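# Coordinate inspection notes
Each chain, written out:
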Amino acid sequence: QQQVKQSPQSLIVQKGGISIINCAYENTAFDYFPWYQQFPGKGPALLIAIRPDVSEKKEGRFTISFNKSAKQFSLHIMDSQPGDSATYFCAASPSIAYSGAGSYQLTFGKGTKLSVIP
Amino acid sequence: DAGVIQSPRHEVTEMGQEVTLRCKPISGHNSLFWYRQTMMRGLELLIYFNNNVPIDDSGMPEDRFSAKMPNASFSTLKIQPSEPRDSAVYFCASSPPKGLAGAYEQYFGPGTRLTVT
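Here's what I pulled together on the structure shown here. (Residues numbered from 1 in each chain as written. Chains lettered and ligands numbered in written order. Predicted model: local features only at pLDDT ≥ 70, side-chain atom pairs only at ≥ 80, totals over all residues. Heavy atoms only, no water.)

The next point concerns the interface of chain A and chain B. When the parts come together, some accessible area is lost, and that loss is often what is quoted as the size of the interface. In this assembly, 24 residues from chain A lie in contact with 24 residues from chain B. A combined buried area of about 2,000 Å² lies between chain A and chain B, and 54% of that area is made up of carbon and sulfur atoms. The tally of links from chain A across to chain B stands at 0 salt bridges. Joining chain A to chain B, the criterion identifies 4 residue pairs in polar contact (both at pLDDT 80 or more). Those elements that provide at least two residues to the side of chain A that touches chain B are β4 (30-38), β9 (86-94) and α1 (96-99) of chain A. Looking at the side of chain A that touches chain B residue by residue, the class counts come to 11 nonpolar, 10 polar and 3 charged. (Contact = heavy atoms within 4.5 Å. Buried area = accessible area lost by both parts, 1.4 Å probe. Salt bridge = Lys/Arg side-chain N within 4 Å of Asp/Glu carboxyl O. Polar contact = N/O pair within 3.5 Å; in protein donor to acceptor, adjacent residues only side chain to side chain. Helix = DSSP H or I, 4+ residues; strand = E, 2+ residues; numbered from the N terminus. Nonpolar A, V, L, I, M, F, W, Y, C, P; charged D, E, K, R; others polar.)

A few words on the side chain of Thr112(A). Residue and element names in this part refer to chain A. Position of Thr112 relative to the elements: it lies in strand β11 (residues 112-117). A relative accessible area of 0% places Thr112 in the buried class. The residues contacting Thr112, other than those within four sequence positions of it, are Gln6, Ser7, Pro8, Gln9, Ser10, Leu11, Ile21, Ala86, Thr87 and Tyr88. (Buried < 20%, exposed > 50% of the residue type's maximum accessible area, 1.4 Å probe, protein only.)

A few words now on the state of the cysteines. All names here are of chain A. Using the criterion set out here, one finds 2 disulfides over all chains in the structure. Disulfide partner of Cys23: Cys90, at an S-S distance of 1.8 Å. Around the S-S axis, the bridge from Cys23 to Cys90 shows a dihedral of about -95° and counts as left-handed. With a gap of 67 residues between them, Cys23 in strand β3 (residues 19-25) and Cys90 in strand β9 connect regions that are remote in the sequence. Overall, Cys90 belongs to the buried group, its relative accessible area being 0%. (Disulfide = S-S within 2.5 Å.)

A few words now on the pairing of β9(A). Residue and element names in this part refer to chain A. Most of β9 sits inside the fold, with 8 of its 9 residues counted as buried. Where β4 and β9 come together, 6 bridges link them in antiparallel fashion. Its bridge partner lying in β9, Trp35 is registered against Cys90. When β9 meets β11, the two strands line up antiparallel, connected through 3 bridges. The residue bridging Tyr88 from the neighbouring strand is Thr112, located in β11. Two strands pair when backbone bridges link them, and β9 and strand β10 (residues 107-108) are joined in this way by 2 bridges, in the antiparallel orientation. Paired with Ala91 across the two strands is Phe108, which belongs to β10. (Pairing = 2+ DSSP bridges.)

The following block contains the structure:
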């Protein structure tokens, strides 16, 4: 299975600071890159996603930056809050042209546990 | 609107026992995924179904694991016999048909925390 490598494994940020999580992928067929957020005791939920036709996507305090040539993408959380404390997963999926029969299969990174301290 | 429903939420069993995890996907979704989450290995895709048909089961760890989807609204993941190394949180997720809004998104259930002693 094609990998998506995520770093760091854990991150501690002061309230109001910027949290940055990085991911790198190998499969050039990937063209959908979501980030999922998981709170303790809950399942992951989609936070924000990007396609490679843009280099950046912003939704509120959350921004994805995408570098197609480097095959890297990152999540930036501005003005980090204690309520942002969660595990964040990057993921990637190929387009319909490559995914074959069935569904859009996501390949997940191993996750980053973010702790925002007051 | 109900999300993905999983049961039980917690399961504690002894080594060698059979364990059955259940999932009800979101109505109208035609793809269903079973994941296992551990600290060491993160989120691992075990198997996924499309239109009730298993498409990729390459992530199923061994023959002790089996999954079924008898209809569009129900799936089971069975472990027989269970072993302590199967202890993990098992998630079920579903997604809408291709071409519909949200088709790329997977909607996760709350998970089943399995402990095998």
